[in-house]
Amino acid sequence: MKTILVTGGAGYIGSICVEQLLDQNYKVAVFDNLSEGHRKAVDPRAEFFQGDLADRTVIRHAMEEVKPDAVMHFAANALVGESMENPSKYFRNNVASGINLLDMAVETGLKKFVFSSTCATFGIPERVPLDESLPQNPINPYGESKLLFEKILRWYDECHGLKYVALRYFNAAGASKVFGEDHRVETHLIPNVLKVALGQRESVDILGTDYPTPDGTCIRDYIHVLDLAQAHILALATSESGQFNLGTGGGTSVREVIDACRAVTGCDITALEKPPRRGDPPRLVAASDKIRSVLGWTPKYQEIRTIVESAWAWHQQHPHGYGKQKN
Ligand code: UDP
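What you see is a predicted model, and the numbers here were worked out from it, not measured in a lab.

Considerations on the pattern of salt bridges
Argument step 1. Inspection of every chain in the model, using the stated rule, returns 15 salt bridges.
Argument step 2. Residues Arg262 and Asp259 are paired through a salt bridge, measuring 2.9 Å at the closest nitrogen-oxygen approach. Highlighted residues: Arg262 and Asp259, both in helix H8 (residues 254-265), separated by three residues, approximately one helical turn.
Argument step 3. By relative accessible area, Arg262 is classed as partly exposed at 28%.
Argument step 4. Across the salt bridge formed by Arg277 and Asp280, the nearest N and O atoms sit 3.3 Å from each other.
Argument step 5. Asp280 gets classed as buried once you look at its relative accessible area, which sits at 19%.
Argument step 6. One network of salt bridges, with partners in common, ties together Asp23, Asp43 and Arg45.

With respect to helix H7 (residues 225-235)
Argument step 1. Taken across its eleven residues, H7 has nine buried, putting it largely inside the fold.
Argument step 2. What H7 keeps buried is the set Val225, Leu226, Asp227, Leu228, Ala229, Ala231, His232, Ile233 and Ala235.

Description of the nonpolar core
Most often, soluble globular proteins keep nonpolar side chains buried together rather than apart.
Argument step 1. Counting 43 residues, the largest nonpolar core has Leu21, Val28, Met72, Leu167 and Leu246 as the members making the most contacts within it.
Argument step 2. Elements supplying a minimum of two residues to this core: strand S1 (3-7), helix H1 (12-23), strand S2 (27-32), strand S4 (70-73), strand S6 (163-169), H7, strand S11 (242-246) and helix H9 (289-295).
Argument step 3. Setting aside its immediate chain neighbours within four residues, Met72 contacts Ile4, Leu5, Val6, Thr7, Cys17, Leu21, Val114, His232, Ile233 and Leu236.
Argument step 4. Core analysis: the second largest hydrophobic core is formed by 25 residues, Ile59, Val66, Val95 and Leu110 among them.

A word on the environment of Val185
Argument step 1. With respect to the helices, strands and loops of the structure, Val185 is situated in the loop between strand S7 (171-173) and helix H6 (189-197).
Argument step 2. Sequence separation between Val185 and Glu36 is 149 residues; the distance between their C-alpha atoms is 9.3 Å.

Quick notes on the site of the ligand
Argument step 1. The local shell around the ligand holds 15 residues, among which Leu189, Asp205, Arg220, Arg277 and Asp280 are the closest.
Argument step 2. Separating an oxygen atom of the ligand from a backbone N or O atom of Leu189 is a distance of 2.9 Å.
Argument step 3. One of the backbone N or O atoms of Asp205 is found 2.7 Å from a nitrogen atom in the ligand.
Argument step 4. In the complex, the protein chains occlude 87% of the 510 Å² of accessible area that the ligand would expose alone.
Argument step 5. Among the secondary structure elements, those contributing two or more residues to the shell around the ligand are H6 and strand S8 (204-207).
Argument step 6. The element best represented in the shell around the ligand is S8, accounting for four residues.
Argument step 7. In terms of residue class, the shell around the ligand is made up of seven nonpolar, four polar and four charged.

Thresholds applied
Residues numbered from 1 in each chain as written. Predicted model: local features only at pLDDT ≥ 70, side-chain atom pairs only at ≥ 80, totals over all residues. Heavy atoms only, no water. Salt bridge = Lys/Arg side-chain N within 4 Å of Asp/Glu carboxyl O. Helix = DSSP H or I, 4+ residues; strand = E, 2+ residues; numbered from the N terminus. Buried < 20%, exposed > 50% of the residue type's maximum accessible area, 1.4 Å probe, protein only. Core = buried A, V, L, I, M, F, W, Y, C linked by side-chain atoms within 4.5 Å. Contact = heavy atoms within 4.5 Å. Near = heavy atom within 4 Å. Polar contact = N/O pair within 3.5 Å; in protein donor to acceptor, adjacent residues only side chain to side chain. Areas by Shrake-Rupley, 256 points an atom, 1.4 Å probe, with all protein chains shown as cover. Nonpolar A, V, L, I, M, F, W, Y, C, P; charged D, E, K, R; others polar.

Below, the structure is given as structure tokens:
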């Protein structure tokens, strides 16, 4: 049985990946500082280490105790807007702390690393859909921090033989039956729309209506978090290092997402047209050919409606997320 150490396993995507690994008979240990994650989001079948990646001693302790066959590294700050206000936080946590993890991985003989990267490493793409050959020119510190880490991974492979897979997520959405999306400060579209349906917000903002898209709102590639988790599990099987864009290849506008939420919830969701958010590219859609052919990944959930249904089921069962206590 293979053992996986999952950093950020108390966060949204990490928690669901942990659950899927356990369901597929992996042994899992979670490493998380609970700054963004929730203790209740850690699957009870997993071992839990509370620690911060700024601290090499606790990472070493976890690595020596768990002796993982692979590390999946989700722990990071991931808000574009916040990264523009506080770039230092993004370079410290996403790059410097990540190097601590890599160093402890190398020192303890780890051979395989799966990294949560992002389509934000591309900035404003010169063509859509985005394939892996496009130049990466991030337009915010968040994207830059993830790109830096991708580059560092390349050198740790070259110099230390640490094999890695970097998965560049497009828009993760949806929930499993048990775990879902609960950010302390919610900026994401789908949970914010569903909060209106839950009666927790009066309305949702449409951030920008003059984009060069058919209905004037931004288009994104929403990928079900369960499909995303499966890509991580497939990444464990390859012996080659590589980077993969990870989206379904479908594009959905903000207005279409809100309409899907109206259809799924049966609620008349009030949407207000507002100015655009700083740093939002008009259209981000993945070309997923490489991950399909190299890793054999196929998304099971293509329809925005199915993705929203799973999110809605979770939010109805957890109207206050994991509870508002810190952990
Ligand atoms: N968005 C919006 N209203 C919101 C939150 C987001 O119109 O309350 C838009 C946002 O400008 C972007 C899309 O919805 O075009 C997806 O945003 P989200 O924050 O979910 O993900 P991102 O693409 O920024 O990673």
